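# Structure assessment
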Amino acid sequence: MKAIRRFTVRPVLPDPLRPLSDLARNLRWSWHAETRDLFRSVDPERWAASGGDPVRLLGSVPPARLAELAGDRPFLRRLAAVAGDLHDYTSGDRWYQTQPEDLPAAIAYFSPEFGITAALPQYSGGLGILAGDHLKAASDLGVPLIGVGLLYRHGYFRQTLSRDGWQQEHYPVLDPNELPVVQLEEPDGTPAQVALALPGGRQLHARIWLAQVGRVPLLMLDSDVEENDLGERGVTDRLYGGGSEHRLLQEMLLGIGGVRAVRTYCRLTGHPEPEVFHTNEGHAGFLGLERIAELCAQGLDFDSALESVRAGTVFTTHTPVPAGIDRFDRELVARHFGPGAELPRIDVERVLRLGMETYPGGQTNLFNMAVMGLRLAQRANGVSLLHGKVSREMFAGLWPGFDADEVPITSVTNGVHAPTWVAPEVFRLGARQIGAQRAEDALTVGGSDRWDAVADIPDQDIFDLRRVLREQLVEEVRERLRASWRQRGAHTAELGWIDDVLDPDVLTIGFARRVPSYKRLTLMLRDRDRLMDLLLHPERPVQIVVAGKAHPADDGGKRLVQELVRFADDPRVRHRIVFLPDYGMAMAQKLYPGCDIWLNNPLRPLEACGTSGMKAALNGCLNLSVLDGWWDEWFQPDFGWAIPTADGVGTDPDHRDDIEAAALYDLLEQRVTPRFYERGRSGLPDRWIEMVRHTLSLLGPKVLAGRMVREYVERLYAPAALSHRAVGPDAARDLAEWKTRVRAAWPGVTVDHVETSASEVLAELGTTLGLRVRVALGDLGPDDVDVQVVSGRVDEEDRIGDATVVPLKPVGSPDQDGRWVYEGPLSLDRTGPFGYTVRILPAHRLMASSAELGLVAGPSEELVAAAGLLMR
């Protein structure tokens, strides 16, 4: 029989055990081993059955056991110690509190998904895990972050396989009352809510749930409330589900509703208002519009409000291809804004212009969320050095006239939260060397370039550690594989072979991630005979553990999953290669430590960062990867191997896959497996162990989320806070008026004449020439512009590379024609073909980049031809 109504019955904890409730509701337990050990000791069997979820555990423990624990003095002492540790952690000073006083009082961090723990399944993949790690690292560092997201009633889908290996999706209903979240309430006890106006006089209501992530509050909006009609109740049904309007409403709720939720939270709790707003990918971009509307309600005009909002906004793009960006039909967006809908005081055309693709090849009938994100943020970044370069090229059309390397998008390379992803065995080995507190500080705050203590760990200890982790993975794989086959319809009598799947002494390769086509799940199957030879080699076998989900609407990705599953089902190799369905955080935390090699073979340069290899590296796993994302930045032969790529222009995709798959097989056959299996005089794989040691000591400190968040604070949040303070209402009006004046006057800004003190086109290295330039500034003056000489080596088409920029200074007053003369030095500091040019840029103290306006004036083609601006 099916229940007609559902309740969540919470346990009544005896008074001595009340701190257990606080510990369960603060998600620090998800990365704090002592807290998890305490909950495990409450009831080990129920802890395992709950999936390591304290809320579920406490809801299942019998009252008799609770009464027994309430009188257990050793347990109560442990409980007091752990509760005291959490209090110290959440209230004491940490790294942020020791920094200069001009840091932001608070930062709001918006993301469509957050991967904090498997007990709060609100993530689909890398973006969400990264957002979760960002919050955790901010908590460890004491950064006053407020996370903002949505609470999806079905989360992302659960994945199973049919008998023939086809991905099947399941959407279990999540009851917030059974999750580690609490409802935000008004002083009178009623639920705190936000509301958005919809066309036709309707409203979209959402409650605010609070997940406490250590010191960091995470606000999550939920539209499944009685005040909504059925359609509106379903807005937060599934992560990345539904059609175009459904997604638009989700993103409006996240951005606009999210700002309103932050204001509500700060009003109710006294938390400082954010000075900086960080948009993690374009999904939350509408937050800037809500903040503009707030300022307009206080009397600012749109342009002035835009300048104020931009000053304190940071935008992070994670997308290396235009197809990965959310784009909506202009008419759909127009219908949801303006009179009779949301933000009625803002002209709809101003909204639409923010998302318009005004660059060559852009589609002006579409509203681009990333374009809006960039226009609403004064500071933007990609998530690895290579991705920063790709992003500058991809969005260069928004800054016409500037070379791609001058586009104002920097990069902060992602990191991973070590306490979440480092196996307890790895941590204990480190703690044995340097002490538990120093080991914890090294993993959270970071700051050192290398972990020298790893050098003192004996080879035998590293070898034993790696085997223990591999053995744990083998057990985990067999358990999950058996469950998967039962879901596929197999009987227990058919599954005896699973007892022999994988071998704890065989080189183990891991490959787990989402399954879009560019990640090339099946590249390893390109030559199945060679792969079989590798798997079944009599002396140097390999074994492979694969996991990954295809998007529910991506049949191409599902076919890749099925192709891999069917190969792994082959009785000849199924003991050496497995596919595990339902990849998620719980599986990943076993998978990364247990693998010897982490495989990554995307189409370069389509991997923005790729943090799974970082998590593996922190556990002593070596990377075998295409030089893409973070691996392109930090690869050294000490840490693993680089798969050669064939990414030249015009390469046929099939031929490219053939070439790169062959390179992968060659590396495995000739370099990887011999290194793993060869033994030194001690009987251990000395050279392999040395690579593990280098990975831990040199790569470990680089890949930390603590390092990443410190970079965000120092390079983006702190400057954004200073800009926010500088661009108050009056300064915002002045800046907006100045930009309007500059744009209007810019057609009259020209470089009229350039001359140097050189009489020949040959010059010696180290020579400094005098440069004299005559410019027209129209209605502008020298205070409004920078006049620069740009010089460097030139290619066959006279394009300047690796440029040096030197400002020129005005001399005297304008001449009778209103022209200004600028002078300055030109240093010939490089040999070979050398060239220079002169340009004029807008200049204002409140701009973060001289490219901000996308305006530049340079010599005309006729002037360049007459000047012969080339030194050889």
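Note that the structure is a prediction, hence the values are computed from the model and not measured. (Residues numbered from 1 in each chain as written. Predicted model: local features only at pLDDT ≥ 70, side-chain atom pairs only at ≥ 80, totals over all residues. Heavy atoms only, no water.)

## A closer look at the overall build of the chain
Assigned secondary structure in the chain consists of 29 helices and 27 strands. Computed over the C-alpha atoms, the radius of gyration of the chain is 29 Å, within 12% of the 29 Å expected from 2.2 N^0.38 for a compact globule of 872 residues. With respect to the three principal axes, the spread of C-alpha positions in the chain is 95 × 75 × 50 Å. In the chain, which comprises 872 residues, the share counted as buried stands at 57%. As presented, the chain carries roughly 35,600 Å² of accessible surface, and 49% of it is formed by carbon and sulfur atoms. Between the mean site of the 97 positive side-chain charges and the mean site of the 122 negative ones, the chain shows a separation of 5 Å. (Helix = DSSP H or I, 4+ residues; strand = E, 2+ residues; numbered from the N terminus. Rg over C-alpha atoms; globule rule 2.2 N^0.38 Å. Buried < 20%, exposed > 50% of the residue type's maximum accessible area, 1.4 Å probe, protein only. Areas by Shrake-Rupley, 256 points an atom, 1.4 Å probe, with all protein chains shown as cover. Lys, Arg positive; Asp, Glu negative; His and termini not counted. Charge placed at Lys NZ, Arg CZ, Asp CG, Glu CD.)

## Regarding the pattern of salt bridges
Counted under the stated rule, the structure contains 65 salt bridges. For Asp461, the salt bridge is made with Arg432, and the minimal N-O distance between the two is 2.6 Å. On the criterion of sequence distance, the pair formed by Asp461 in helix α19 (residues 459-487) and Arg432 in helix α17 (residues 424-434) is long-range, its members being 29 residues apart. As a salt-bridge pair, Glu711 and Arg715 come within 2.9 Å of each other at their nearest N and O atoms. (Salt bridge = Lys/Arg side-chain N within 4 Å of Asp/Glu carboxyl O.)

## Structural notes on the nonpolar core
One broad rule of soluble globular proteins: the nonpolar side chains tend to lie buried together. Met524, Ile597, Leu624, Trp641 and Trp688 are the most contacted members of the largest nonpolar core, which has 106 residues in total. At nine residues, the largest contribution of residues to this core is made by helix α25 (residues 653-677). Contact partners of Met524, with chain neighbours within four places excluded, come to Phe511, Leu531, Ile544, Val546, Leu564, Ile577, Leu599 and Tyr665. Within the second largest apolar cluster, 62 residues are counted, among which are Tyr152, Val194, Leu210 and Leu300. (Core = buried A, V, L, I, M, F, W, Y, C linked by side-chain atoms within 4.5 Å. Contact = heavy atoms within 4.5 Å.)

## Notes on α19
Counted at 1.5 Å a residue, the expected span for α19 with its 29 residues is 42 Å, and the 42 Å between its end C-alpha atoms agrees. Every buried residue of α19 is accounted for by Ile462, Leu465, Arg466, Leu469, Arg470, Leu473, Val474, Glu476, Val477, Leu481, Ser484 and Trp485. At the C-terminal side of α19, Gly489 shows a positive phi close to 100°. (Expected span 1.5 Å × (residues − 1).)

## Considerations on the packing of aromatic side chains
Counting across every chain of the model gives 18 aromatic pairs. On the basis of an interplanar angle of 5° and a centroid distance of 6.2 Å, the ring pair of Phe39 and Trp47 is categorised as stacked. Take Phe39: its relative accessible area is 0%, and that puts it in the buried class. Classification of Trp47 as buried rests on a relative accessible area of 7%. For the pair Phe286 and Phe337, a centre-to-centre distance of 5.3 Å together with 40° between the ring planes defines the contact as tilted. One end of the pair, Phe286, is in the loop between β9 (276-280) and α10 (287-297); the other, Phe337, is in the loop between α12 (330-335) and α13 (348-354), and 51 residues separate them in sequence. Judged by its relative accessible area of 0%, Phe286 falls in the buried class. (Phe/Tyr/Trp six-rings, centres within 6.5 Å; stacked < 30°, edge-to-face > 60°.)

## Things to note about helix α18 (residues 436-444)
Burial in α18 covers these residues: Ala439, Ala442, Leu443 and Thr444. Its buried side turned inward, α18 meets α7 (126-141), α16 (418-421), α17 and α27 (705-726). Positive backbone phi, approximately 70°, marks Gly446, located one or two places after α18.

## As for the pairing of strand β15 (residues 507-512)
Taken residue by residue, a regular strand's side chains alternate between the two faces of the sheet. Of all the six residues making up β15, six are buried; the element is thus mostly covered by neighbouring parts of the structure. Direction of pairing for β15 relative to strand β16 (residues 542-547): parallel, over a ladder of six bridges. The residue of β16 that forms the bridge with Ile509 is Ile544. Taking the sense of rotation as the criterion, the β-α-β connection linking β15, helix α20 (residues 528-535) and β16 turns out right-handed. Relative to strand β18 (residues 597-600), β15 runs parallel, the two sharing two bridges. For Gly510, the partnering residue across the bridge sits in β18 and is Trp598. (Pairing = 2+ DSSP bridges. Right-handed = clockwise from strand over helix to strand, strands pointing away.)

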